[in-house]
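Observations on the three-dimensional arrangement
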Amino acid sequence: MALNVLKFGGTSVANLARLEHVAQVVRQEMLNGNQVVVVVSAMAGITDQLVGYSQALCPHEPTAEHDVVASAGEQVTAGLLALALKKAGMKARSFLSWQIPIHTDSVATNARIQHISPDKLLQSLRQGEIPVVAGFQGLSTEGLITTIGRGGSDTTAVAIAVALKADRCDIYTDVDGVYTADPRLVPDARRQDTLSYSEMFEMAAAGAKVLQARSVEMAMKHSVKLRVLSSLTDSPQGTEIVADQQAVEKGNITSIVHSLQEAKVTLRNLKNQPGIAAKLYTTMGNANILIDMMTQSHTREGCCDMDGMISRGDIERFGETMNQFREGLGFSDIAIDKNVAKITVIGIGLRSNMDIPALICRTLADESINIHMIYSSEIKMSLVINQQSLQPALTGLHKVFRLAQSTQKEAA
Ligand code: ADP
Ligand code: ASP
Ligand code: MG
């Protein structure tokens with residue numbers, strides 16, 4: 001008998017009818033002779049609403065109370081799904097993070113899972129129950145409720161699979177797998193049967209919502225068998241995330257990812273001297289603000305500008321934190337541009353083929369799209385453009401790399 005963890009995201013549990021459908025998916029898994037542990041997200045839109053309430057009262061510092069509010073949606077869904085499973089004739093029990101417990105560090109809104117005690121869940125399974133775990137929540141060593149970052153139920157599911165040494169972790173969502181680009185914006189995007197952990201990680205880290213990046217990182221580290229499937233269709237297909245060496249030989253470029261979750265920030269006229277970047281990173285690290293694509297450019301004698309991308313949710317805190325340390329850093333002002341989109345082209349081809357960056361930039365130029373920032377590594381190239389240019393950029397790049405076709409050929 002296999003033990004499988006099944007995770008259902010917000011759209012999959014958006015209302016009572018969907019919850020009853022989820023109960024049938026779980027039943028089928030049981031009929032297949034498997035043991036099941038379920039992890040649930042909040043109903044679609046609920047976490048946004050809760051976060052909105054909390055931020056309206058206290059916009060600046062993320063606090064433990066913020067996490068008490070934000071984590072509440074998962075409690076409702078865990079209880080409701082346990083009821084739906086019972087209604088469908090199965091034995092079930094809901095678990096909140098503190099009841100298991102799921103131990104995390106104390107970083108409000110972005111805590112990291114440190115340890116999960118498997119005993120309560122194993123006991124529940126031994127009693128023939130289906131444990132229904134509230135995703136996204138944790139418990140800090142100080143006994144406070146934490147949350148583990150937006151989209152975190154994916155990571156809860158993988159962490160539970162690791163703790164229980166489960167045979168598989170299936171992520172049920174509102175698309176039937178991982179596509180070459182977001183299928184909502186690129187209608188001819190193609191579902192991928194398999195993806196390597198590394199490719200999936202790069203996609204998630206670049207902003208493809210379908211899996212939280214930390215869940216992929218954890219699955220890769222512990223070799224968790226991970227699949228992405230639809231809970232809305234009966235299609236058995238999906239995307240299987242496999243070990244890097246198992247990934248079938250693919251074309252040069254495998255996906256185009258976009259993110260509208262970030263803003264471009266510029267610190268103007270910083271002192272151009274040793275130690276400034278170290279101070280900047282330390283200050284942001286202490287405030288728990290992640291900065292991506294950081295670049296420094298010389299402006300005038302003794303001065304430089306620093307550009308970077310931060311999460312839109314961190315804009316206010318970024319401004320406040322930087323202003324606190326303005327003297328030490330010596331910058332003149334901060335510019336923030338929210339009207340940006342980040343587009344990331346992912347593929348091993350970038351490693352060896354210098355024609356690809358040229359082709360990416362030429363494709364955007366042909367659409368008269370101006371590029372504000374560029375970052376490239378061995379396997380990805382990220383470009384920051386105006387938000388209104390996102391659709392033509394995605395469509396153009398997806399087309400030029402022929403990602404709609406099943407075997408991508410060398411782009412001309
Ligand atoms: P859930 O609520 O189930 O966790 P999410 O909204 O977090 O679901 O993730 C699913 C969404 O991810 C899809 O609706 C889709 O719009 C988006 N997405 C972005 N990029 C991709 C991609 N490359 N393949 C599939 N889905 C993607
Ligand atoms: N409900 C949380 C969110 O909206 C966690 C999740 O859905 O994975 O971010
Ligand atoms: Mg999600």
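Structure's up top.
Please read all numbers here as calculations on a predicted model, not as lab measurements.

Digging into the packing of aromatic side chains
Following the criterion strictly, the structure yields one aromatic pair and no others. A centroid spacing of 4.9 Å and a plane angle of 15° characterise the contact between Phe8 and Tyr172, whose relative ring orientation is stacked. Within this pair, whereas Phe8 is found in strand S1 (residues 3-8), its partner Tyr172 is found in strand S9 (residues 168-173), the two being separated by 164 residues in sequence. Comparing Phe8 with Tyr172 shows no difference in burial state: the two are buried.

Quick word on the site of ligand 1
Near ligand 1 there are 17 residues, and of these Thr173, Asp174, Tyr179, Asp182 and Arg184 occur at the shortest range. The side chain of Asp174 places a nitrogen or oxygen atom 2.8 Å from an oxygen atom of ligand 1. A distance of 3.2 Å separates an oxygen atom of ligand 1 from a polar side-chain atom of Lys209. Protein chains shield 89% of the accessible area of ligand 1, which is 570 Å² for the free molecule. Among the residues making up the shell around ligand 1, the classes are represented as eight nonpolar, four polar and five charged.

Looking at the site of ligand 2
Taken together, the neighbourhood of ligand 2 is formed by Ser41, Ala42, Thr47, Glu74, Phe136, Arg150, Gly151, Gly152 and Ser153. Between an oxygen atom of ligand 2 and a main-chain N or O atom of Gly151, the distance comes to 2.8 Å. For ligand 2, the accessible surface in isolation is 260 Å², of which the surrounding protein chains cover 85%. Classifying every residue of the shell around ligand 2 by side-chain character gives two nonpolar, five polar and two charged.

Considerations on the packing of helix H9 (residues 276-286) against helix H10 (residues 315-324)
As a packed pair, H9 and H10 sit with axes 10 Å apart at the nearest point and diverge in direction by 130°. For the element pair H9 / H10, the angle class is oblique. Handedness of the crossing formed by H9 with H10: right-handed. Packed against H9, whose contacting residues are Leu280, Thr283 and Met284, the element H10 presents Phe318, Thr321 and Met322 at the interface.

Things to note about the packing of helix H1 (residues 16-31) against helix H4 (residues 72-87)
Two elements in contact, H1 and H4, have axes whose closest approach is 9 Å; the angle formed by their N-to-C orientations is 60°. Comparing their axes, H4 and H1 come out oblique. Where H1 crosses over H4, the two elements pack in a sense that is right-handed. Side by side, H1 and H4 meet where Leu16, Leu19, Glu20, Val22, Ala23 and Val26 of the first sit next to Thr77, Leu80, Leu81, Ala84, Leu85 and Lys87 of the second. Of the residues assigned to the contact of H1 with H4, the class counts are nine nonpolar, one polar and two charged.

Examining the sheet that holds strand S12 (residues 238-242)
In space, the eight strands of this open sheet follow the order S3-S6-S2-S1-S9-S11-S12-S10, with mixed pairing throughout. Each edge of the sheet is formed by a strand with only one pairing partner; in this case those strands are strand S3 (92-95) and strand S10 (194-196). For this sheet the average axis-to-axis angle between neighbouring strands, irrespective of direction, equals 20°. The strands touched by helix H7 (residues 197-206) within the sheet are S10 and S12, with S10 carrying the most contacts at an inclination of about 85°.

Brief notes about the pattern of salt bridges
What the rule picks out here adds up to 13 salt bridges. One salt bridge connects Glu262 with Lys342, and the closest N-O pair in it is separated by 3.2 Å. Placement of Glu262 in strand S14 (residues 262-271) and of Lys342 in strand S18 (residues 340-346) is noted, with a sequence separation of 80 residues between them. For Glu262, a relative accessible area of 13% puts it in the buried group. For Lys342, a relative accessible area of 3% puts it in the buried group. One salt-bridge network, in which partners are shared between bridges, spans Glu29, Arg168, Asp170 and Arg227.

The rules behind the values
- Residues numbered from 1 in each chain as written.
- Chains lettered and ligands numbered in written order.
- Predicted model: local features only at pLDDT ≥ 70, side-chain atom pairs only at ≥ 80, totals over all residues.
- Heavy atoms only, no water.
- Phe/Tyr/Trp six-rings, centres within 6.5 Å; stacked < 30°, edge-to-face > 60°.
- Helix = DSSP H or I, 4+ residues; strand = E, 2+ residues; numbered from the N terminus.
- Buried < 20%, exposed > 50% of the residue type's maximum accessible area, 1.4 Å probe, protein only.
- Near = heavy atom within 4 Å.
- Polar contact = N/O pair within 3.5 Å; in protein donor to acceptor, adjacent residues only side chain to side chain.
- Areas by Shrake-Rupley, 256 points an atom, 1.4 Å probe, with all protein chains shown as cover.
- Nonpolar A, V, L, I, M, F, W, Y, C, P; charged D, E, K, R; others polar.
- Axes fitted to C-alpha atoms, helices over the stretch in contact; angles between N-to-C directions.
- Parallel < 35°, antiparallel > 145°, perpendicular 65-115°, else oblique.
- Left-handed = near helix turned anticlockwise from the far one by under 90°.
- Contact = heavy atoms within 4.5 Å.
- Pairing = 2+ DSSP bridges.
- Salt bridge = Lys/Arg side-chain N within 4 Å of Asp/Glu carboxyl O.

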